[in-house]
Amino acid sequence: MKLSHFQFNLPKELLAEFPAENRDESRLMVIDRAKQTIEHKMFKDVINYFDDGDVLILNNTKVFPARLYGNKEKTGARIEVFLLRELNSEQRLWDVLVDPARKIRIGNKLYFGDDDSLVAEVIDNTTSRGRTLRFLYDGSYEEFRNKLTELGETPIPKYINREVTAEDAERYQTIYAKEEGAVAAPTAGLHFSKHLLKKLEIKGVNFAEVTLHVGLGTFNPVEVEDLSKHKMDSEELIIKQEACDIVNEAKAKKKRICAVGTTSMRAIESSVSSQNTLNPYEGWTNKFIFPPHDFSIANCMITNFHTPKSTLLMMISAFCGHDLMKRAYEEAIKEGYKFYSYGDAMLII
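Rules of the game
Residues numbered from 1 in each chain as written. Predicted model: local features only at pLDDT ≥ 70, side-chain atom pairs only at ≥ 80, totals over all residues. Heavy atoms only, no water. UniProt positions renumbered as here; feature names shortened; annotations may be inferred. Pairing = 2+ DSSP bridges. Helix = DSSP H or I, 4+ residues; strand = E, 2+ residues; numbered from the N terminus. Axes fitted to C-alpha atoms, helices over the stretch in contact; angles between N-to-C directions. Buried < 20%, exposed > 50% of the residue type's maximum accessible area, 1.4 Å probe, protein only. Arc of directions from axis to C-beta. Contact = heavy atoms within 4.5 Å. Core = buried A, V, L, I, M, F, W, Y, C linked by side-chain atoms within 4.5 Å. Parallel < 35°, antiparallel > 145°, perpendicular 65-115°, else oblique. Left-handed = near helix turned anticlockwise from the far one by under 90°. Nonpolar A, V, L, I, M, F, W, Y, C, P; charged D, E, K, R; others polar.

The protein appears in an unreviewed UniProt entry as S-adenosylmethionine:tRNA ribosyltransferase-isomerase from Flavobacterium frigidimaris. Its UniProt record gives the protein a comment under Catalytic activity (unreviewed entry), which states: "7-aminomethyl-7-carbaguanosine(34) in tRNA + S-adenosyl-L-methionine = epoxyqueuosine(34) in tRNA + adenine + L-methionine + 2 H(+)".

Asks: Go over the sheet that holds strand β12 (residues 206-212), please, and point to the residues and values.
Replies: Reading across the sheet, the nine strands line up as β2-β1-β17-β16-β14-β3-β12-β13-β15 and stay open at both edges, with mixed pairing between neighbours. Of all strands in the sheet, those bounded by a partner on one side alone are β2 (37-42) and β15 (281-285). Ignoring which end each strand starts from, the neighbouring axes of this sheet average 20 degrees apart. Strand direction decides the pairing type here: strand β3 (residues 55-59) and strand β14 (residues 257-260), joined by three bridges, are parallel. Looking at β14, one finds that Leu56 is bridged to Cys258.

Asks: Describe helix α1 (residues 141-151), naming the residues involved and giving the relevant values.
Replies: Within α1, burial applies to Phe144, Arg145, Lys147 and Leu148. All buried residues of α1 project into a common sector of 155 degrees when viewed along the axis, lining one side. Facing away from the buried side of α1, by more than 90 degrees, are the exposed residues Glu142 and Glu150. On the buried face of α1, the contacting elements are β5 (67-72), β6 (78-88), β7 (93-99), β9 (118-125), β10 (130-136) and β11 (179-182).

Asks: Which residues make up the nonpolar core, and what values do they have?
Replies: Membership of the largest hydrophobic core comes to 64 residues, with the highest contact counts inside it found for Met29, Met265, Phe339 and Met346. A total of seven residues in this core trace back to one element, the largest contributor, which is helix α6 (residues 311-320).

Asks: Quick rundown of the packing of α6 against helix α7 (residues 322-334)? Include the residues and the values.
Replies: Close contact between α6 and α7 brings their axes to 7 Å; oriented N to C, the two are set at 120 degrees. Classed by the angle they form, the pair α6 and α7 counts as oblique. The two elements α6 and α7 cross, and the hand of that crossing is right-handed. On α7, the residues that touch Leu313, Ile316, Ser317 and Cys320 of α6 are His322, Leu324, Met325 and Tyr329. For the contact of α6 with α7, a count of residues per class yields six nonpolar, two polar and no charged.

Below, the structure written as structure tokens:
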């Protein structure tokens, strides 16, 4: 498969600027791979596809308010600082992206907050927009992290062309988010309400939680025609024994195992044993899934509608089958489904 196989025209108005009014009332397209059928439902209908002993694999990463705005010393120029990951907690070193980057050089200081209570010094250039910052703050580590949270904004994707609202802090986060570390939400999980999860639990569906801290690389379009040459960013991944036990027991009983989102799918596919069972894992993954790919664990997945030439679309093609996926996407555009982070959902069985 080549990059050009993943190009399609996506009308601008189908990019979701806001989430559905209620989480579980977005639209749901159901694709049956065996029957080659496409059905149109509401997300809350997902409960009808799961039974006692089936498993949903959830990515419990939590988005932190990663977007800060500071002012450059002397000039006072407004600079966006996007926190990517903490490098050293004692020295308060962070890997960040800055915008506009051309103005930010090693040795520059940036001031944050109305009272300039937080200061950062640029100590290294990493990429054209990447910098290493050392934050200077009078207070304990906990107070420093609280300050970052207070000054930071919910990092809604750049394509959403509006100001961040208070609602985004809640809605750009799954209701089961626990482990802080993501700068982008695992968006398939945004559709689950507390009520829907409870109903699934009552029905006997089990939940296996994994943690994959989604990085900004999730938004990077592929730029090489030969997909095998594309390099994924590494993301931190933790899979505990408890999750493996839940998944492997369901697998032994031939139950439905559903990866909720591309991040959950990438997580489990990064840690498969030689017997095709799920292994515990703690480390980093840069796994890139594109066709052809044999999926070892999940036999079902929930995902949003993805943008052209994205690695996410390539995974869906590998799981769904390319022709069926193309048909589904043509229908989604025709039917006005919403795409991307705050968009509608797809269940592939």
